[in-house]
Amino acid sequence: MATTDVALPHSVHLESGPNGLARLAVRDNRYGTAEIYLHGAQITSWVPPEHAPVLWLSAASVFADDVAIRGGVPICFPWFGGGPRGDQRPSHGYARLREWELTRAADTPDGVEIELVLPHAAGDLPLAATYRITVGTSLVLSLEVRNTSGEPVAYEEALHTYLAVSDIAAVGVEGLAGEAYLDRLGGPDPIVQEEQVVRVADELDRIYVGTPATVVVDDPQLRRRLVVSKTGSQNTVVWNPWTEKARAMADFGDEEYRTMLCVETANVRTGAVVVGPGESHTMTATIAAQPRP
Ligand code: BG6
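Here's what I pulled together on the structure shown here. Predicted model, so just to flag it, every value in this text is computed and none were measured.

## Describing the site of the ligand
- Neighbouring the ligand are Arg70, Phe80, Ser91, His92, Arg96, His160, Arg184, Asp205, Val237, Trp239, Lys245 and Glu264.
- Interatomic distance of 3.0 Å between a side-chain N/O atom of arginine 70 and an oxygen atom of the ligand.
- The separation between an oxygen atom of the ligand and a polar side-chain atom of histidine 160 is 2.8 Å.
- When the ligand is considered free in solution it has 390 Å² of accessible area, and contact with the protein chains removes 85% of it.

## With respect to the sheet that holds strand β13 (residues 172–174)
- The strand order across the open sheet built from nine strands is β6-β7-β8-β9-β23-β19-β18-β13-β16, with neighbouring strands paired in antiparallel fashion. The open sheet terminates on both sides in strands that have one partner only, identified here as β6 (101–108) and β16 (197–198).
- Where β13 meets β16, two bridges bridge the pair, whose relative direction is antiparallel. Directly across from valine 173, in β16, lies its bridge partner valine 198.

## Examining the packing of aromatic side chains
- Evaluation of the coordinates by the stated rule reveals nine aromatic pairs.
- Relative to phenylalanine 252, the ring of tryptophan 56 lies with its centre 5.0 Å away and its plane at 35°, an arrangement referred to as tilted. Placement of tryptophan 56 in the loop between β4 (42–47) and β5 (75–76) and of phenylalanine 252 in the loop between α1 (242–248) and β21 (260–267) is noted, with a sequence separation of 196 residues between them.
- According to the relative accessible area criterion, tryptophan 56 is buried, its value standing at 5%.
- Residue phenylalanine 252 is classed as buried on the basis of its relative accessible area, which comes to 2%.
- Aromatic ring contacts, followed pair by pair, group Trp56, Tyr162, Trp239 and Phe252 into a single cluster.
- Directly above the ring of tyrosine 181 sits arginine 206, whose terminal nitrogen or CZ lies 4.1 Å from the centroid.

## A short note on the sheet that holds strand β3 (residues 33–37)
- Across the sheet, which stays open at both edges, the four strands sit in the order β1-β2-β3-β4 with antiparallel pairing between neighbours. Looking at strand neighbours, the two that pair on one side only are β1 (12–16) and β4, the edges of this open sheet. Across this sheet, the average inter-strand angle for adjacent strands is 20°, counted without regard to direction.
- With four bridges connecting them, strand β2 (residues 22–26) and β3 associate as antiparallel partners. Paired with valine 26 across the two strands is alanine 34, which belongs to β3.

## Re the nonpolar core
- Core analysis: the largest hydrophobic core is formed by 72 residues, its most contacted members being Trp100, Ile114, Leu116, Tyr131 and Ile133.
- Looking at which element gives the most residues to this core, the answer is strand β8 (residues 127–135), with five residues.
- Counting seven residues, the second-largest nonpolar core is a separate cluster that includes Ile207, Val237, Ala266 and Val268.

Reading the values: the criteria
- Residues numbered from 1 in each chain as written.
- Predicted model: local features only at pLDDT ≥ 70, side-chain atom pairs only at ≥ 80, totals over all residues.
- Heavy atoms only, no water.
- Near = heavy atom within 4 Å.
- Polar contact = N/O pair within 3.5 Å; in protein donor to acceptor, adjacent residues only side chain to side chain.
- Areas by Shrake-Rupley, 256 points an atom, 1.4 Å probe, with all protein chains shown as cover.
- Pairing = 2+ DSSP bridges.
- Helix = DSSP H or I, 4+ residues; strand = E, 2+ residues; numbered from the N terminus.
- Phe/Tyr/Trp six-rings, centres within 6.5 Å; stacked < 30°, edge-to-face > 60°.
- Buried < 20%, exposed > 50% of the residue type's maximum accessible area, 1.4 Å probe, protein only.
- Lys NZ or Arg CZ within 6 Å of the ring centre and 35° of its normal.
- Axes fitted to C-alpha atoms, helices over the stretch in contact; angles between N-to-C directions.
- Core = buried A, V, L, I, M, F, W, Y, C linked by side-chain atoms within 4.5 Å.

Keep in mind these values describe shape, not function.
Put into structure tokens, the structure is as follows:
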């Protein structure tokens, strides 16, 4: 079914965003507002009632067919970065550069539900991806992947969540004490996190391995705690580019690294998913904004 054939509830509007990119705008909804681009099936905004925006979006982001939007929740699939061997292109997979199709939009007692599917193109892995977003008391993001072939297929995935923070120097990242991580800026051996709370004071790029943990970004200045919980995910990636890497990116303002932190729900590297013929796997990230006591 084409996107334009899907009946929309009164709270969901199909509209034109920057450079004519189609997006779904959720308004007049008791759980807050949201914006979702068909390009990459990328949610770029979620503002729950009485909260500042939860998702970060760069003011320098490029909105174009062949570029990933810088912010919100890009979907990295079916590989992460350059893939397990580092040689796959485009970086973070093709899903974030494609126009997804809307297949369902509904207003339910639990919130607004949106479903999008990734159209299959020549050269793609034999995997059918369906993405479900619920804009409710929490933001629920669920990526279901089904193997359409007769052989097992391996893939990587990440819901590359850019969280908005008041000031990176003032926030603490809780939930990962005692967990092992691969430092993408260091050597190949896993390191166990000894600190109870991670404070970001430099470039940080970590893949936490084998962790089902809920991560909390405690933000005293915004008086809130952003809680990222998950299912079907073995890895959590935590990333902030800091000064030099931010400057090197054309779609990232020089000082914007101060107001974001990525906490990514993922299955990457040794956590890659292998799905058998006809089988499927679902990874879900749930993001909640809680007032700070
Ligand atoms: C993170 C990676 O997930 O994504 C970083 O850990 C990477 O290494 C970042 O720089 C951004 O990637 P991209 O392709 O969106 O610039």
